[in-house]
Amino acid sequence: MVTTRRESALIESAASVEAQKTLYKNALKRKGLQRLTKQIQTKRQKKKPKRGGAFYKRRYFEGLMKNGIIFSTSNLGYSFNNSLNIMNLVPLFKKVSNVQKLKDIINSIDGYKAKNFEEKIIKSIYLFVLNMHADRPWVFSEDFVPLYSKTDYKCKFWSHILELFLGRKQDVVLRWSDTISGSFKEAGESFKLDLCLVMLEDDKLSFDNSTAEIAKKATVNSFFKDRLKSTIVSKCHLNSFIKGIPFIQAKDVPSIKMPIIQITGFIGKLSVISLAKKQEYKLEDVCSFKFPTSLRQIQSGSIQELVDFLFIVDELLNDLHKVYNDNSTSNENDMDNILDEVKRKKRLDYNAWVTEATFEKEDDNDDDIE
């Protein structure tokens with residue numbers, strides 16, 4: 001009888017141990033399966049699928065719509081008065097048919113005596129481009145161009161020209177290399193820009209007035225991604241600028257235009273954003289330009305188109321300076337208003353005009369798809 005009970009107890013004990021082992025193994029399997037599932041999900045999150053041009057094009061127009069920005073399909077005609085004597089040299093570019101003619105024209109331009117500081121700058125730009133074609137033509141060859149990064153384009157070609165012309169005045173500062181604009185920080189965002197032009201008033205940083213984005217090549221992805229970022233940042237600049245001139249009249253608000261520069265490789269586009277009416281912004285293209293990469297492009301007038309682009313940006317910045325100086329303080333005479341019983345002009349209702357910027361989150365996997 002004792003033996004039977006002991007055997008039963010042993011059998012029950014063995015069964016219990018086997019059951020515990022089975023439960024333990026199943027638990028390990030479940031934990032292992034859960035851990036494996038978690039690892040797969042993590043890898044999938046890290047390795048997001050690349051997005052094509054259609055995605056960025058759609059996000060661009062959606063971003064404009066969210067920000068109340070209307071894109072004008074017609075180019076904004078912008079004229080400027082340029083009566084500098086050095087412009088008489090422009091017809092020489094049409095004669096650049098070969099390397100020898102190029103060197104002859106370089107000598108002619110080098111011998112020109114600049115009449116003022118502005119002509120000296122333009123002469124330097126002409127010689128910078130022409131000498132590059134005469135002394136280092138390989139930098140434009142099919143063997144070298146594919147090797148260039150965004151920084152290469154910025155340092156080798158664009159920064160020197162932009163600094164020479166736009167940075168020639170003490171009241172404009174060019175801030176390079178992944179800059180976060182002041183008005184952008186105020187909006188609580190931290191997107192970085194390749195270039196931001198800052199206006200100075202009384203030798204103090206006053207406000208951002210222009211943005212520039214540079215990409216190494218023109219793809220649908222980079223074009224729409226950079227254009228959307230620059231446009232929304234420029235909307236922040238425009239809002240901040242209007243807020244800083246409280247005495248501006250409503251009828252003058254649409255005339256304020258913020259420049260937007262977009263460069264992809266050797267070509268570029270200048271646009272402007274303005275506040276056309278209450279809570280309705282307008283984005284307009286102004287002109288296209290390029291850094292000449294061949295003698296044929298020099299002959300066709302690309303150097304002068306580049307200089308014209310610089311003059312237009314300069315005029316836009318001058319207009320912003322004038323608007324700021326004319327409207328940052330009141331021009332009214334309070335004593336005369338009291339005597340003549342004239343009512344004071346109403347200040348601009350800032351909140352009724354502007355809308356806050358809505359930003360699209362940047363992705364880590366925003367690589368271009370060929």
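Here is a short report on the structure shown in this document. If you're wondering where the values come from, they're calculated on a predicted model, not measured in any experiment.

This brings us to the pattern of salt bridges. As enumerated under the stated definition, the model contains 11 salt bridges in all. With a closest N to O distance of 2.8 Å, arginine 227 and aspartate 285 form a salt bridge. A residue pair is termed long-range when its members are at least 10 positions apart, and arginine 227 in helix α7 (residues 220–243) and aspartate 285 in strand β7 (residues 280–290) qualify at 58 residues. Its relative accessible area of 5% is what places arginine 227 among the buried residues. Because the salt bridges share partners, they merge into one network encompassing Glu118, Arg168, Lys169 and Asp314.

Our focus in this paragraph is the side chain of arginine 168. Inspection of the secondary structure assignment puts arginine 168 in the loop between α5 (150–166) and β2 (172–179). The class of arginine 168 is buried, set by a relative accessible area of 14%. Excluding its chain neighbours within four sequence positions, the residues that come into contact with arginine 168 are Phe117, Glu118, Ile121, Glu163 and Asp314.

As enumerated under the stated definition, the model contains 22 aromatic pairs in all. When the ring of phenylalanine 140 is compared with that of phenylalanine 266, the centres are 5.9 Å apart and the planes differ by 55°; the resulting orientation is tilted. Residue phenylalanine 140 is found in the loop between α4 (117–135) and α5, and its partner phenylalanine 266 is found in the loop between β5 (258–264) and β6 (267–277); the two are separated by 126 residues along the sequence. Just as phenylalanine 140 is buried, phenylalanine 266 falls in that class too. A ring pair is formed by phenylalanine 289 and phenylalanine 309, whose centres lie 3.7 Å apart and whose planes are at 10°; its orientation type is stacked. Residue phenylalanine 289 is located in strand β7, and its partner phenylalanine 309 is located in helix α9 (residues 302–327); the two are separated by 20 residues in the primary sequence. Of the two residues, phenylalanine 289 and phenylalanine 309, neither departs from the other in class, the shared state being buried. Directly above the aromatic system of phenylalanine 165 lies the positively charged group of arginine 168, at a separation of 4.2 Å from the ring centroid.

Reading the values: the criteria
- Residues numbered from 1 in each chain as written.
- Predicted model: local features only at pLDDT ≥ 70, side-chain atom pairs only at ≥ 80, totals over all residues.
- Heavy atoms only, no water.
- Salt bridge = Lys/Arg side-chain N within 4 Å of Asp/Glu carboxyl O.
- Helix = DSSP H or I, 4+ residues; strand = E, 2+ residues; numbered from the N terminus.
- Buried < 20%, exposed > 50% of the residue type's maximum accessible area, 1.4 Å probe, protein only.
- Contact = heavy atoms within 4.5 Å.
- Phe/Tyr/Trp six-rings, centres within 6.5 Å; stacked < 30°, edge-to-face > 60°.
- Lys NZ or Arg CZ within 6 Å of the ring centre and 35° of its normal.

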